[in-house]
Amino acid sequence: MKQSATYSLRPNPDVAMPETAMVMAAGLGKRMRPLTVTRPKPLVEVAGKPLLDHTMDHLRDAGIKRAVVNVHYLADQVEAHLKARAGDIEVLISDERARLMETGGGIVQARAMLGDKPFFTVNSDTLWVDGPIDALHALAAAWNDEKMDALLLLVPLARAFSHRGQGDFRLDPLGRITERRKPGRLAPFVYAGAQILHPRAIRDWPEGPFSTNLFWNRAMEQGRLWGVVHQGLWFDVGTPSAVKEAEEVLAEM
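Criteria and cut-off values
- Residues numbered from 1 in each chain as written.
- Predicted model: local features only at pLDDT ≥ 70, side-chain atom pairs only at ≥ 80, totals over all residues.
- Heavy atoms only, no water.
- Buried < 20%, exposed > 50% of the residue type's maximum accessible area, 1.4 Å probe, protein only.
- Helix = DSSP H or I, 4+ residues; strand = E, 2+ residues; numbered from the N terminus.
- Pairing = 2+ DSSP bridges.
- Contact = heavy atoms within 4.5 Å.
- Axes fitted to C-alpha atoms, helices over the stretch in contact; angles between N-to-C directions.
- Core = buried A, V, L, I, M, F, W, Y, C linked by side-chain atoms within 4.5 Å.
- Phe/Tyr/Trp six-rings, centres within 6.5 Å; stacked < 30°, edge-to-face > 60°.
- Expected span 1.5 Å × (residues − 1).
- Arc of directions from axis to C-beta.
- Polar contact = N/O pair within 3.5 Å; in protein donor to acceptor, adjacent residues only side chain to side chain.

Visitor: Please explain helix α1 (residues 51–61) as it appears in this structure.
Guide: Note that an α-helix has 3.6 residues per turn; residues three or four places apart therefore point the same way. Of all 11 residues making up α1, 8 are buried, and the element is well covered by its neighbours. Within α1, the full set of buried residues consists of Leu51, Leu52, Asp53, His54, Thr55, Met56, His58 and Leu59. Downstream of α1 by one or two residues, Gly63 has phi in the positive range, about 85°.

Shown next, in the form of structure tokens:
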């Protein structure tokens, strides 16, 4: 894959960081059982710290001021944990107790809290270690409001620890996402669970639960879906065995 400036970013103090992030914390965590029988997946510990705390620490380090967190399964535990541990980040709860809305539906339900400027979304069930530049600053530094409706953090399939999929996307040399993985083929990049999304992409949605893929597919068709390749470590911690693998790798650092 030809490299470009998109893949070799350095910190820029003049970059305007989004102030708001949506943290996806409403999943059922079925693949993580039995660890999620009595606790929600965001509170499963990896290397002595809940996944949700790893995520919130990344937000805090990036200077994010507000986190909108959606909740569903064992929601009271997530809310109590955030109340005790959020620190200087303002937390707003998007309550999905009555109905789990999936990723796209969750964003739609929370849209009034997300504001009218580009915002981050971050999954609470992925874990990453930053490389030369932290992932959220890399996204912010690459964001171009004129060209983009969504900018996804991606990781090479070959470096996606514990990931059992076959990849998600292909990029052109400039960093534009040009196509999804075709059936029976591999794609070189995996969505790493963090992105910048512009509110203008949130339109014409169906009723009920649906995936963020709806917004991504539209943006890709219009040439407005882009990617930044993560330069550090990334772990898909979706199962108990993946937790163990992540802890073994982190212990060697």
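Visitor: Looking at this structure, how should I read the sheet that holds strand β7 (residues 126–129)?
Guide: Hydrogen bonds along the backbone pair up the strands of a sheet, which may run parallel or antiparallel. Spatially, β7-β14-β9 is the arrangement adopted by the 3 strands of the open sheet, whose pairing is mixed. Both outer strands of the open sheet, β7 and β9 (160–161), are each paired with one neighbouring strand and no more. Here β9 runs beside strand β14 (residues 233–236); their pairing, made up of 2 bridges, is parallel. Pairing of Ala160 across the sheet is with Trp234, part of β14. In this fold helix α6 (residues 240–251) packs onto β7, β9 and β14, with an angle of close to 160° to the strand it touches most, β14.

Visitor: Got a minute to help me understand the nonpolar core in this structure?
Guide: Proteins that are soluble and globular tend to have nonpolar side chains buried together. Residues Met56, Leu59, Phe120, Leu136, Leu139 and Leu151 are the most contacted members of the largest nonpolar core, which totals 40 residues. Not counting chain neighbours up to four residues away, the residues in contact with Phe120 comprise Met17, Pro18, Thr20, Ala21, Met22, Ile64, Leu136, Leu139, Gln195 and Ile196.

Visitor: Mind showing me how you'd approach the pairing of strand β13 (residues 225–229) here?
Guide: Two faces make up the sheet, and in a regular strand the side chains alternate between them. Within β13, 5 of the 5 residues are buried, which leaves it mostly tucked inside the rest of the structure. The alternating pattern of β13 places Leu225, Gly227 and Val229 and Trp226 and Val228 on opposite faces, both of which are buried. Two elements, strand β8 (residues 150–156) and β13, share 5 bridges in a ladder whose sense is parallel. Bridge assignment links Ala150 to a residue of β13, and that residue is Leu225.

Visitor: It is not clear to me how the packing of aromatic side chains should be interpreted in this structure. Could you clarify?
Guide: Given two aromatic rings, one states the distance between the centres and the angle between the planes to describe the pair. Taken as a whole and judged by the stated rule, the model has 4 aromatic pairs. Ring plane angle 70° and centroid distance 6.0 Å describe the contact between Phe169 and Trp216, whose orientation is recorded as edge-to-face. Here the residue Phe169 occupies a position in strand β10 (residues 169–171), and Trp216 occupies one in helix α5 (residues 213–221), the gap between them amounting to 47 residues. Grouping residues by exposure puts Phe169 and Trp216 together as buried.

Visitor: How should α6 be read in this particular structure?
Guide: In this model, α6 (12 residues) spans 17 Å end to end at C-alpha, consistent with the 16 Å of a helix rising 1.5 Å per residue. When we look at burial in α6, the residues that qualify are Ala242, Val243, Ala246, Val249 and Leu250. Each buried residue of α6 sits inside an arc of 130° when the element is viewed along its axis, so together they form one side. The outward face of α6, more than 90 degrees from its buried face, is lined by the exposed residues Lys244 and Ala251. The elements touched by buried residues of α6 are β2 (45–46), β7, β9 and β14.

Visitor: Before we go on, may I ask you to explain the side chain of Ser162 in this structure?
Guide: Its location among the elements puts Ser162 in the loop between β9 and β10. In this structure the side chain of Ser162 is engaged in a polar contact, spanning 2.4 Å, whose partner is the side chain of Glu245. Not counting residues up to four positions away in its chain, the partners in contact with Ser162 are Asp236, Ala242 and Glu245.

Visitor: What exactly am I supposed to notice about the environment of Thr103 here?
Guide: Along the chain, Thr103 turns up in helix α3 (residues 102–114). Thr103 gets classed as partly exposed once you look at its relative accessible area, which sits at 31%. Distance in space between the C-alpha atoms of Thr103 and Gly87 is 26 Å, their sequence separation being 16 residues. Leave out the neighbours within four places in its chain, and Thr103 touches Met24, Phe210, Ser211 and Thr212. Among the polar contacts made by the side chain of Thr103, one reaches the side chain of Thr212 at a distance of 2.9 Å.

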